[in-house]
There are 2 protein chains.
Amino acid sequence: MGSKEKLIEAMASLLWERGYAATSPREVMAAAGVGQGSMYHHFSGKHDLAVQAMRLSIDTAMARNATLTADGDPLDRLKANLLAPRPGTKGCRVGRMTQDPEVLADPELLGLVGEAFEQMHRLWADTIREAIDAGQLPPQLDPEDLASTLQAVLQGGYVLSRAQGEQAPMDAAMRGAVALLDAAADCRDPAPKAPRNHTAALGPGLDRGEHIDKKESA
Amino acid sequence: MGSKEKLIEAMASLLWERGYAATSPREVMAAAGVGQGSMYHHFSGKHDLAVQAMRLSIDTAMARNATLTADGDPLDRLKANLLAPRPGTKGCRVGRMTQDPEVLADPELLGLVGEAFEQMHRLWADTIREAIDAGQLPPQLDPEDLASTLQAVLQGGYVLSRAQGEQAPMDAAMRGAVALLDAAADCRDPAPKAPRNHTAALGPGLDRGEHIDKKESA
DNA sequence: GTCTATACATAGATAGAC
DNA sequence: GTCTATCTATGTATAGAC
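This structure is a prediction, so every number in the text was calculated from the model and none was measured. (Residues numbered from 1 in each chain as written. Chains lettered and ligands numbered in written order. Predicted model: local features only at pLDDT ≥ 70, side-chain atom pairs only at ≥ 80, totals over all residues. Heavy atoms only, no water.)

### Some details on the overall build of chain A
Using the following cut-off: Note on conventions: DSSP H or I runs of at least 4 residues are helices, E runs of at least 2 residues are strands, and numbering of each starts at the N terminus. Throughout, the Shrake-Rupley method with a 1.4 Å probe supplies accessible areas, and for residues the shown protein chains are the sole cover considered.
When you go through chain A residue by residue, the secondary structure sums to 9 helices and 0 strands. Counted from the first residue to the last, chain A has its helices and strands arranged as α-α-α-α-α-α-α-α-α. As presented, chain A carries roughly 9200 Å² of accessible surface, and 52% of it is formed by carbon and sulfur atoms.

What follows is the structure, encoded as structure tokens:
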């Protein structure tokens with residue numbers, strides 16, 4: 001493996017572990033076992049190296065979720081993916097980037113992250129649609145919304161685990177999500193018993209596509 | 001407002017906006033409009049100031065969720081809290097800290113964050129328990145697990161929004177979560193139609209309390 | 001291609017005057 | 001209590017030899 005590949009892998013690893021802003025070129029070169037010259041020969045700088053490392057990280061992460069599009073029972077695929085082992089306290093190598101101020105300020109890096117999330121969202125939404133079409137989930141669930149929800153449970157699970165320094169919170173979050181899916185699946189032909197109006201107390205409510213960021217800013 | 005308070009507020013604001021590692025004492029002093037001497041007179045250093053600022057941020061964040069423990073319909077309170085306006089692209093001032101390498105390495109700061117999450121978890125779990133006891137949610141849902149799930153949806157929603165630079169993904173995630181709760185609520189006395197066994201395909205499955213971090217490390 | 005030496009800015013903190 | 005001046009370490013990048 002040449003210096004270039006070693007540098008990319010070292011950067012990918014450090015990006016996951018420490019983020020972009022907190023990772024110095026020096027650390028990367030040390031981890032890769034190469035000198036300064038090599039790095040600035042193969043890359044124009046830290047940014048350039050990070051871009052290539054992020055592509056690698058994203059490919060790795062996406063490969064782990066290929067099971068969503070496999071054959072077989074769609075609802076099972078959703079649940080299996082939610083319950084698949086994930087290193088909670090290490091965090092998500094892609095999601096982590098969204099909290100890094102230097103990444104947010106770097107259109108190229110942020111763009112990569114955004115695209116990766118979009119791609120993942122499509123994977124989830126497609127599988128959810130399959131499950132609904134197969135009658136495994138109630139049709140009133142919106143595949144796009146639910147895809148965001150499940151993606152959020154995953155990303156949030158990492159956050160909870162890191163906050164506690166333990167795997168447990170992430171696992172609990174995943175079990176809870178699967179239990180909700182199961183509960184929803186159990187009533188895929190709901191026979192509404194009586195007009196329930198406690199939702200009305202919420203006010204006009206939010207329609208799909210309507211944003212709720214109108215007022216809050218601070 | 002004295003220099004001390006000005007510094008704490010400025011730090012709290014910058015912690016939210018840029019994180020801990022990326023916020024320099026100089027920036028804080030500039031934002032507060034005071035000189036170096038003031039800061040090192042009132043605080044032993046960046047760490048000390050950040051601890052006091054985090055306490056302020058956590059108090060602010062917790063106050064926003066007091067509605068969970070209000071009177072009235074528990075399920076409505078859960079849903080109202082999920083749908084409450086939140087500044088997705090700004091992120092969560094507490095959850096953000098879990099991605100900061102310097103925070104992770106600082107037991108005092110990390111401890112504050114962990115405690116805040118625990119407290120929030122109790123709020124959610126208690127309200128969920130109320131909803132189950134009131135027959136609004138099916139009893140097979142575990143309040144502790146579901147509390148983690150909903151907390152994760154919130155935290156993850158912020159991540160999705162930041163990844164896209166848009167409010168929409170967070171709103172979608174929240175709508176999806178509410179829709180799942182509604183679907184689960186609709187069948188709180190499920191009349192199982194036929195033995196469904198597609199869950200069995202997942203293998204032995206995970207029992208409550210059993211962790212899934214056995215193998216994965218990289 | 002890879003190395004060492006060097007440059008320049010910024011981080012976090014201290015010294016000491018007012 | 002608050003200020004300015006200063007200190008040391010580190011971050012990122014460049015220069016130029018091998």
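Alright, that's what it looks like, and here's the rest.
### Focus: the confidence of the model for chain A
All names here are of chain A. Rules: Summary of the metric used: pLDDT quantifies the predictor's per-residue confidence within the range 0 to 100. Two residues qualify as a contact provided that any one of their heavy atoms is within 4.5 Å of a heavy atom in the partner residue.
With 86% of its residues at a pLDDT of 70 or more, chain A shows a mean pLDDT of 89. When the criterion is pLDDT under 50, residues 190–205 qualifies, and its contacts beyond four places in sequence or with other chains add up to 20 contacts. Across residues 212–218 the pLDDT falls below 50, and counting only partners more than four positions away or on other chains, this stretch makes 15 contacts in the model.

### Regarding the protein's contact with DNA strand D
Let me state the cut-off plainly: One heavy atom suffices: a residue is near a molecule or strand as soon as one of its heavy atoms comes within 4 Å of it. Here a polar contact is taken to be a pair of N or O atoms separated by no more than 3.5 Å, where protein atoms must pair a possible hydrogen donor with a possible acceptor and residues adjacent in sequence count only if both atoms sit in side chains.
Around DNA strand D, 16 residues are found, and the nearest of them are Ser24(A), Pro25(A), Arg26(A), Gln36(A) and Gly35(B). Taking all atoms of DNA strand D within 4 Å of the protein, the share assigned to sugar and phosphate is 54%. Arg26(A) is positioned such that a nitrogen or oxygen atom in its side chain is 2.5 Å from a base nitrogen of DNA strand D. Tyr40(A) is positioned such that a nitrogen or oxygen atom in its side chain is 3.2 Å from a phosphate oxygen of DNA strand D. Of all elements in the fold, only helix H2 (25–32) and helix H3 (36–42) of chain A together with helix H3 (36–42) of chain B reach the threshold of two or more residues within the surface near DNA strand D. Residue contributions to the surface near DNA strand D peak at 5 residues, all from H3(B).

### Things to note about the protein's contact with DNA strand C
This is how the line gets drawn: Each residue gets one label: Ala, Val, Leu, Ile, Met, Phe, Trp, Tyr, Cys and Pro are nonpolar, Asp, Glu, Lys and Arg are charged, and the others, such as Gly, are polar.
Taken together, 16 residues sit near DNA strand C, with Gly35(A), His42(A), Pro25(B), Gln36(B) and Lys46(B) positioned nearest. Of all atoms in DNA strand C that approach within 4 Å of the protein, 54% are sugar or phosphate atoms. In the environment of DNA strand C, a base nitrogen lies 2.5 Å from a nitrogen or oxygen atom belonging to the side chain of Gln36(B). Listed by contribution, the elements that provide at least two residues to the surface near DNA strand C are H3 of chain A together with helix H2 (25–32) and H3 of chain B. The element contributing the most residues to the surface near DNA strand C is H3(A), with 5 residues. Residue composition of the surface near DNA strand C, grouped by class: 3 nonpolar, 11 polar and 2 charged.

### Examining helix H7 (residues 107–133) of chain B
Note on helix geometry: an α-helix contains 3.6 residues per turn, so any two residues three or four positions apart are oriented the same way. Here is the rule we go by: For a helix, the expected span equals 1.5 Å multiplied by the residue count minus one.
In a regular helix each residue adds 1.5 Å, so 27 residues correspond to 39 Å; H7(B) covers 38 Å between its end C-alpha atoms and thus fits that length. After H7(B) finishes, the residue Gly135(B) shows a positive phi value of roughly 75 degrees.

### Some words on the environment of Cys92(B)
Residue and element names in this part refer to chain B. Positionally, Cys92 belongs in the loop between helix H5 (74–83) and helix H6 (101–104). For the pair Cys92 and Gly157, spaced 65 residues apart in the sequence, the C-alpha separation amounts to 9.7 Å. Among all residues touching Cys92, those that are not within four sequence positions of it are Trp16, Gln155 and Tyr158.

### Points about the packing of helix H8 (residues 143–164) of chain A against helix H9 (residues 168–186) of chain B
In a pair of packed helices, the angle between the axes and the distance between the axes together describe the arrangement. So the rule is basically this: Angles shown run from 0 to 180 degrees and are taken between the N-to-C directions of axes, each axis being a line fitted to C-alpha atoms and, for helices, limited to the stretch in contact. Under this scheme an angle from 65 to 115 degrees is roughly perpendicular, one under 35 degrees roughly parallel, and one over 145 degrees roughly antiparallel; angles in between are oblique.
Where H8(A) contacts H9(B), the axes come no closer than 7 Å and their chain directions differ by 95 degrees. Classed by the angle they form, the pair H8(A) and H9(B) counts as roughly perpendicular. Where H8(A) abuts H9(B), its residues Asp145(A), Leu146(A), Ser148(A), Thr149(A) and Ala152(A) lie against Pro169(B), Ala172(B), Ala173(B), Arg175(B), Gly176(B), Ala177(B) and Leu180(B). Residue composition of the contact of H8(A) with H9(B), grouped by class: 7 nonpolar, 3 polar and 2 charged.

### Describing the side chain of Gln155(B)
Take Gln155(B): it is sitting in helix H8 (residues 143–164). The residues touching Gln155(B), leaving out its near neighbours within four places in the chain, are Gly156(A), Val159(A), Leu160(A), Cys92(B), Gly95(B) and Phe117(B).

### Some details on the UniProt feature "DNA-binding region" (unreviewed entry) in chain A
This is how the line gets drawn: UniProt positions are given in the numbering used here, feature names are shortened, and annotations may be inferred rather than shown by experiment.
Here, UniProt's "DNA-binding region" (unreviewed entry) annotation points to residues 24–43 of chain A. Between the first and last C-alpha atoms of residues 24–43 of chain A the distance is 14 Å; the span itself is 75% helix and 0% strand.

### Brief notes about the environment of Val178(B)
Residue and element names in this part refer to chain B. Basically, it comes down to this: A 1.4 Å probe rolled over the protein chains alone gives each residue an accessible area, and that area as a share of the maximum for its type sets the label: buried under 20%, exposed over 50%, partly exposed in between.
Assignment of secondary structure puts Val178 in helix H9. With relative accessibility at 8%, the residue Val178 sits in the buried group. The spatial distance from the C-alpha of Val178 to the C-alpha of Leu78 is 8.6 Å, given a sequence separation of 100 residues. Beyond its immediate chain neighbours, meaning those up to four positions away, Val178 contacts Lys79, Leu82 and Leu83.

### Considerations on the packing of aromatic side chains
For clarity, the threshold we go by: A pair of Phe, Tyr and Trp rings is counted when the ring centres sit within 6.5 Å of each other, with Trp represented by its six-membered ring. The angle between the planes then sorts it: under 30 degrees is stacked, over 60 is edge-to-face, the rest tilted. The rule for a charge over a ring is simple: NZ of Lys or CZ of Arg within 6 Å of the ring centre, and within 35 degrees of the ring normal.
Under the defined criterion, the tally for this structure stands at 0 aromatic pairs over all chains. Taking the ring centre of Trp16(B) as reference, the NZ or CZ of Lys90(B) above it sits at 4.1 Å.

### Considerations on helix H1 (residues 3–18) of chain A
All names here are of chain A. Its 16 residues give H1 an end-to-end C-alpha distance of 21 Å, which sits within 8% of 22 Å, the value for a rise of 1.5 Å per residue. Residues Leu7, Ile8, Ala10, Met11, Ala12, Leu14, Leu15 and Trp16 constitute the buried set of H1. Looking at the buried side of H1, the elements it contacts are H2, H3 and helix H4 (46–64). Residue Gly19 follows H1 closely and has a positive phi angle near 90 degrees.

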